[in-house]
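Observations on the three-dimensional arrangement
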Amino acid sequence: MTSSANPAPSILDRLSAPHRGPVPFSVEFFPPKDAEAEARLWRAVRTFERLGPAFVSMTYGAGGSTRDRTVRITGELAAQTTLLPVAHLTAVNHSIAELRALVGAYADQGITNILALRGDPPGDPLGDWVRHPDGVEYAEDLVRLIDDLGDFHVGVASFPEGHHRAPDLDHDTRALVNKLRAGAEYSITQMFFDVEDFLRLRDRVSRADPEQGAKPLIPGIMPITSLATVRRMTELSGSVIPPDVYARFADAAGDGPEENREAVRAVGIDFATEMAGRLIAEGVPCLHFCSLNFAKATSEVLERLGVDTSSVLPATSAAR
């Protein structure tokens with residue numbers, strides 16, 4: 001199997017290309033559940049398209065639950081927009097034959113950038129991970145499988161706080177280094193809330209293997225617009241909101257039966273901008289925004305960072 005005759009640029013190509021603002025940025029989308037959500041996704045897509053992200057990624061549900069929608073919409077992003085899509089691919093509940101077929105489906109649509117993930121089990125994302133009897137055990141195995149199938153460009157996930165299944169940070173660091181040594185060209189972190197966690201991860205990788213540490217480590221940031229939503233996301237991911245950061249959002253949310261979304265959103269934009277500003281000062285190669293399929297909050301953060309958003313912010317109608 002090979003990729004298309006005229007392959008899309010790689011993520012490394014895009015990170016080194018001219019960009020708006022102080023550093024390139026990228027955006028994460030997730031597959032919508034219904035027609036209304038899909039329409040909202042496409043409104044966000046068209047807004048971000050005008051802002052020129054280096055790339056966009058499309059997530060893959062726990063246990064492969066959104067496989068068909070992920071493949072379809074990633075293909076539509078490649079065919080119907082000027083955006084460079086990165087397709088997520090997980091090993092959960094997939095045999096090697098199925099994984100090969102999925103990579104082939106992406107290649108047929110001209111998609112050559114893939115984020116290789118071991119993935120979370122269905123039902124309880126924090127539950128025990130069970131290898132498919134005919135599948136692969138680790139993300140590094142998936143990286144090698146994709147690389148063996150043709151001219152693909154593979155990225156992997158990284159975890160500033162350490163993966164919740166790793167017994168300690170040293171073990172987690174070795175796992176990331178092994179994925180990079182297997183052929184991954186870059187990594188994108190899970191969202192985090194303390195820049196120090198990101199910087200210490202970068203330091204650990206560089207100490208463990210300077211060659212792999214030179215590869216781009218892209219921080220994942222989510223502009224928080226709802227305390228309830230971010231609570232749920234951290235519960236599912238195993239990440240932790242530092243007490244001082246949580247208190248900042250809790251104070252904004254208030255003590256009423258419903259959180260003060262406007263106040264939480266304002267704090268969320270401030271906090272994301274502060275994090276992004278420090279990460280830029282620390283020399284990150286890109287900022288990866290978890291958009292939740294909305295464009296306005298991320299656009300406002302980008303505007304504060306010096307990106308010209310005049311063509312999109314006045315026209316952005318999404319609530320978040």
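Quick look at the overall build of the protein chain now. The helix and strand tally for the protein chain stands at 12 helices and 8 strands. Taken against the 2.2 N^0.38 rule, which gives 20 Å for 320 residues, the C-alpha radius of gyration of the protein chain at 19 Å falls within 12% of a compact globule. Considering only contacts in the protein chain between residues 6 or more positions apart, those separated by 24 or more positions represent 79%. As presented, the protein chain carries roughly 13,600 Å² of accessible surface, and 49% of it is formed by carbon and sulfur atoms.

Moving on to unusual backbone geometry. With a phi angle near 60°, Asn93 is a residue other than glycine that sits in the positive phi range. With respect to the element layout, Asn93 can be found in the loop between β3 (85-90) and α4 (96-108). On the accessibility criterion, Asn93 (40% relative accessible area) is partly exposed.

We now examine the packing of helix α11 (residues 261-281) against helix α12 (residues 296-304). Look at α11 against α12: their axes get within 9 Å of each other, and the N-to-C directions meet at 45°. Taken together, the axes of α11 and α12 lie oblique to each other. Handedness of the crossing formed by α11 with α12: right-handed. For the pair α11 and α12, the contacting residues are Arg265, Ile269, Asp270, Ala272 and Thr273 in the first and Lys296, Ala297, Glu300, Val301 and Arg304 in the second. The residue inventory of the contact of α11 with α12, partitioned by class, reads 4 nonpolar, 1 polar and 5 charged.

Along the polypeptide, Glu38 turns up in helix α2 (residues 35-51). Once you skip the residues sitting within four places of it in the chain, Glu38 turns out to touch Pro32, Arg72, Ile73 and Glu76.

Another point: the confidence of the model for the protein chain. Of all residues in the protein chain, 91% have pLDDT values of 70 or greater, and the mean over the chain is 90. Residue range residues 315-319 is modelled with pLDDT below 50. Its contacts to residues more than four positions away, or to other chains, number 7 contacts.

The subject of this paragraph is the nonpolar core. Phe29, Leu89, Ile146 and Leu287 are the most contacted members of the largest nonpolar core, which totals 82 residues. Aside from chain neighbours lying at most four places away, what touches Leu287 is Val23, Pro24, Phe25, Ser26, Pro219, Ile221, Ala276, Leu279, Ile280 and Leu305. Core analysis: the second largest hydrophobic core is formed by 14 residues, Leu15, Tyr186, Ile188 and Ile218 among them.

Glancing now at the side chain of His88. Looking at the secondary structure, you find His88 in strand β3. Within the structure, the side chain of His88 is placed 3.3 Å from the side chain of Ser57, a separation counted as a polar contact. With near-sequence residues (within four places) excluded, His88 lies in contact with Glu28, Ser57, Met58, Thr59, Tyr60, Thr70, Tyr106, Leu115 and Leu117.

On to the packing of helix α3 (residues 67-80) against α4. Between two packed helices, the angle of one axis relative to the other and the distance separating the axes together describe the packing. At a closest axis distance of 9 Å, the pairing of α3 and α4 adopts a crossing angle of 20°. Put simply, α3 runs roughly parallel to α4. Where α3 crosses over α4, the two elements pack in a sense that is right-handed. Contacts between α3 and α4 involve Arg67, Thr70, Val71 and Thr74 from the former and Leu102, Ala105 and Tyr106 from the latter. Of the residues belonging to the contact of α3 with α4, the class tally is 4 nonpolar, 2 polar and 1 charged.

Attention shifts here to the pairing of strand β7 (residues 217-221). With 5 of 5 residues buried, β7 lies mostly within the body of the structure. The alternating pattern of β7 places Leu217, Pro219 and Ile221 and Ile218 and Gly220 on opposite faces, both of which are buried. Pairing between strand β6 (residues 186-191) and β7: 3 bridges, direction parallel. Bridging across to β7, Ile188 finds its partner in Ile218. Relative to strand β8 (residues 287-290), β7 runs parallel, the two being bridged by 2 bridges. Residue Gly220 lies in a different strand from β8, and its bridge partner there is His288.

Before going further, it helps to examine the environment of Ala105. With respect to the secondary-structure elements, Ala105 resides in helix α4. Look at Ala105 and you get partly exposed, because its relative accessible area is 25%. Separated by 33 residues in sequence, Ala105 and Arg72 place their C-alpha atoms 9.4 Å apart.

Burial along β8 is two-sided: the face carrying Leu287 and Phe289 and the face carrying His288 and Cys290 are both buried. Sheet topology note: the strand β1 (residues 25-29)/β8 ladder contains 4 bridges and is parallel. Bridged to Ser26 within β8 is His288.

Reading guide: rules and limits
- Residues numbered from 1 in each chain as written.
- Predicted model: local features only at pLDDT ≥ 70, side-chain atom pairs only at ≥ 80, totals over all residues.
- Heavy atoms only, no water.
- Helix = DSSP H or I, 4+ residues; strand = E, 2+ residues; numbered from the N terminus.
- Rg over C-alpha atoms; globule rule 2.2 N^0.38 Å.
- Contact = heavy atoms within 4.5 Å.
- Areas by Shrake-Rupley, 256 points an atom, 1.4 Å probe, with all protein chains shown as cover.
- Buried < 20%, exposed > 50% of the residue type's maximum accessible area, 1.4 Å probe, protein only.
- Axes fitted to C-alpha atoms, helices over the stretch in contact; angles between N-to-C directions.
- Parallel < 35°, antiparallel > 145°, perpendicular 65-115°, else oblique.
- Left-handed = near helix turned anticlockwise from the far one by under 90°.
- Nonpolar A, V, L, I, M, F, W, Y, C, P; charged D, E, K, R; others polar.
- pLDDT = per-residue confidence, 0-100.
- Core = buried A, V, L, I, M, F, W, Y, C linked by side-chain atoms within 4.5 Å.
- Polar contact = N/O pair within 3.5 Å; in protein donor to acceptor, adjacent residues only side chain to side chain.
- Pairing = 2+ DSSP bridges.

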